[in-house]
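Coordinates in review
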Amino acid sequence: MEMTEDVSSSPNLIELTEKSLEGIPYWTWSEIVNALKQCQDFFPTANSSGIYDKILETLVGRITTNSDTSPTGSSSESSTLRFSCDTGSTVSTKNSNHRAWWFEDLVILNSNSIEKIIKRMVSQKVDHVTVSRFLFYYIKCKLSNATSDEKKKATEIVVDLLHSLDRSSMSCKGLFGILRISSSLNLSKCCRSRLESMIGSQIDQATLDNLLVPAPTGMDSLYDVNLVLRFLKSFLSAGGPASLTRLKQVGSLMDLYLAEVAPDSCLKPSKFIELTTALPDAARDSHDAIYNAISIYLEVHVLLSEEEKMKICCAINYEKLTLESCKHLAQNSKFPSRTTIQALISQQLKLKSLLQDTDHLKSFSSSLKGNGCTKNQCNDGEQIILYAKKLDLSVENEKLKAHLQGMQWRVMQLEKICKKMQTQMSKIMKTRRSSPRSSRSLPRLCS
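Throughout what follows, the structure given in this document is the object of discussion. (Residues numbered from 1 in each chain as written. Predicted model: local features only at pLDDT ≥ 70, side-chain atom pairs only at ≥ 80, totals over all residues. Heavy atoms only, no water.)

1. Details of the overall build of the protein
Regarding its fold elements, the protein presents 20 helices and zero strands. The proportion of buried residues among the 447 residues of the protein is 39%. Sequence-distant contacts in the protein: of pairs separated by 6 or more residues, those separated by 24 or more amount to 74%. Per element, the accessible surface of the protein, about 26,200 Å² overall, is 54% carbon and sulfur. (Helix = DSSP H or I, 4+ residues; strand = E, 2+ residues; numbered from the N terminus. Buried < 20%, exposed > 50% of the residue type's maximum accessible area, 1.4 Å probe, protein only. Contact = heavy atoms within 4.5 Å. Areas by Shrake-Rupley, 256 points an atom, 1.4 Å probe, with all protein chains shown as cover.)

Structure (structure tokens):
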């Protein structure tokens, strides 16, 4: 190493090394990948050296400059991993991109090298969709060919890198895949929180199967409802309600989820209430699904008090129940009587509002005639009124009134029966007091 030109006329080792480094940009792709792997395997401390950085910079530059076609000479060593990773890649079907030629070759690198490569690519404005696709591909391959400690480290690095990308660039399915396989890796709290935050921000793209995550050890319920609640909190804090379409998609998804968890006898009332009230009212056009889920929950949890039942039923917006659901609720003995009255009153208010609209149409038509409207305008007004009459709102109103009267009649009948039973009991008690205790009534043998 200390040889100079004075000692030897031939080029010394330092000069040869410097000359070799100058030629790195002209290396083939396979030479670059293999050199980087050798640096990380045999010279771990070189990861911060000039040699390592020069090779890494050349690799990233080769990826960005050869984005359309693969360079000649791929790594033969990395090709052995392609068969195990190609067929089941999480990202192979989303946003297919022709720049994926380098994915398989980089799988042989460790997570530290991948972290440095991705950070350089992001700084050079490489497409985030391509970067996220590679990270999903890398972690899938890495988790099938690594030790437990290596899996944990790789997962935490990948999650950290994904968290730095644009949320719209990554697959919700891929994030759930990482969540599913990382449940046994004991990830750090920060990593877990970031992963859940990324999933929550695009929970509108999830499916029911994604949400049905088994509850962790020590949790009584069948599914991990706390995880879903954290997803919803992230969605709401990330600005999800700003898009009414996305908000309603999450509302529909939660209706399906509620129907699945409602039959769980171990699900606590407080958690069920949190699930039913987690989203704002605008997330649902109808509350029929919530009513059905609550009906199932009350049927399973028969020991709930009236106060607990009322708290659960507070999640229902009775104005968003259909007439059929209101009729079903009125006959549903599992619900508190006060909820039945609220449902019927809300339907009456809706009917009164529609009737008032009909009266307004009549007055509007009269004003048209009084102001000398044309024949076509008058005919249009009359057709609107005829259509409103076809709704036969008065009939529905009378049905609801009759139903209320029927309920009142049943209450009165029960009160009468109670009074009769009380009278009979008092007579029996008086008879027992007047007769001797030792006497017994004998059967009549003859008349």
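After that view, the rundown keeps rolling.
2. With respect to the packing of aromatic side chains
Considering all chains together, one arrives at nine aromatic pairs under this definition. Relative to phenylalanine 103, the ring of tryptophan 102 lies with its centre 4.8 Å away and its plane at 75°, an arrangement referred to as edge-to-face. Judged on exposure class, the residue tryptophan 102 and its partner phenylalanine 103 are both buried. These aromatic residues form a ring-pair network of at least three members: Trp102, Phe103, Phe134, Tyr137 and Tyr138. (Phe/Tyr/Trp six-rings, centres within 6.5 Å; stacked < 30°, edge-to-face > 60°.)

3. A short note on the nonpolar core
Nonpolar side chains in soluble globular proteins tend to be buried together. Counting residues in each nonpolar core, the largest one holds 96 residues, and the members touching the most others are Leu59, Leu135, Leu162, Ile203, Tyr257 and Ile294. Sorting elements by how many residues they give to this core places helix H7 (residues 128-143) first, with nine residues. Beyond its immediate stretch of four places on either side in the chain, leucine 162 contacts Ser132, Leu135, Phe136, Arg167, Met170, Leu175, Ile178 and Met198. (Core = buried A, V, L, I, M, F, W, Y, C linked by side-chain atoms within 4.5 Å.)

4. Re unusual backbone geometry
Positive phi, normally seen in glycine, also occurs at lysine 125, with a value near 65°. In this structure, asparagine 186 is a non-glycine residue whose phi angle is positive, near 55°. Turning to its location among the elements, asparagine 186 is positioned in the loop between helix H9 (172-181) and helix H10 (189-201). The class for asparagine 186 is exposed, based on a relative accessible area of 62%.

5. With respect to the packing of helix H8 (residues 148-163) against H10
Taken N-terminus to C-terminus, the directions of H8 and H10 make an angle of 45°; their axes are 10 Å apart at the nearest point. Relative to H10, the element H8 is oriented oblique. Where H8 crosses over H10, the handedness of that crossing is left-handed. Counted together, Thr155, Glu156, Val159, Asp160, Leu162 and His163 of H8 and Cys191, Arg194, Leu195 and Met198 of H10 form the full contact between these two elements. The residue makeup of the contact of H8 with H10, split by class, is five nonpolar, two polar and three charged. (Axes fitted to C-alpha atoms, helices over the stretch in contact; angles between N-to-C directions. Parallel < 35°, antiparallel > 145°, perpendicular 65-115°, else oblique. Left-handed = near helix turned anticlockwise from the far one by under 90°. Nonpolar A, V, L, I, M, F, W, Y, C, P; charged D, E, K, R; others polar.)

6. Focus on the environment of glutamine 249
Its place among the elements puts glutamine 249 in helix H13 (residues 244-261). Distance from glutamine 249 to alanine 283, taken between C-alpha atoms, is 7.8 Å for residues 34 residues apart in sequence.

7. Notes on the side chain of asparagine 332
Tracing the sequence through the fold places asparagine 332 in the loop between helix H17 (323-330) and helix H18 (337-370). Apart from residues no more than four positions distant in its own chain, asparagine 332 is found in contact with Tyr291 and Ser295.

8. Remarks on the packing of H13 against helix H14 (residues 269-277)
One can describe the packing of H13 onto H14 by two numbers: an axis separation of 10 Å at closest approach and a directional angle of 160°. For the element pair H13 / H14, the angle class is roughly antiparallel. Here the hand of the crossing between H13 and H14 comes out left-handed. Along its contact with H13, which presents Met254, Tyr257, Leu258 and Val261, the element H14 presents Phe272, Leu275 and Thr276. When the residues that make up the contact of H13 with H14 are grouped by side-chain class, the tally is six nonpolar, one polar and no charged.

9. Regarding the pattern of salt bridges
Applying the stated criterion to the full structure yields 11 salt bridges. Notably, a salt bridge pairs lysine 271 with glutamate 274, separated by 3.5 Å at the nearest N-O pair. Taken as a pair, lysine 271 and glutamate 274 lie in helix H14 at a separation of three residues, close to a single helical turn. A relative accessible area of 25% places lysine 271 in the partly exposed class. Linking glutamate 307 and lysine 311 is a salt bridge whose minimum nitrogen-to-oxygen distance equals 4.0 Å. (Salt bridge = Lys/Arg side-chain N within 4 Å of Asp/Glu carboxyl O.)

10. Considering a nonpolar patch on the surface
Residues Ile341, Ile345 and Leu349 make up a contiguous nonpolar surface patch of roughly 260 Å² in combined accessible area. Among the structural elements, leucine 349 can be located in helix H18. (Patch = residues over 30% accessible without salt bridge, like charges linked within 9 Å, V, L, I, M, F, W, Y side chains within 5 Å.)

11. Considering H13
Counted at 1.5 Å a residue, the expected span for H13 with its 18 residues is 26 Å, and the 25 Å between its end C-alpha atoms agrees. Within H13, the full set of buried residues consists of Leu247, Val250, Gly251, Leu253, Met254, Asp255, Tyr257, Leu258 and Val261. Taken together, the buried residues of H13 touch helix H11 (208-211), helix H12 (225-237), H14 and helix H15 (288-300). (Expected span 1.5 Å × (residues − 1).)

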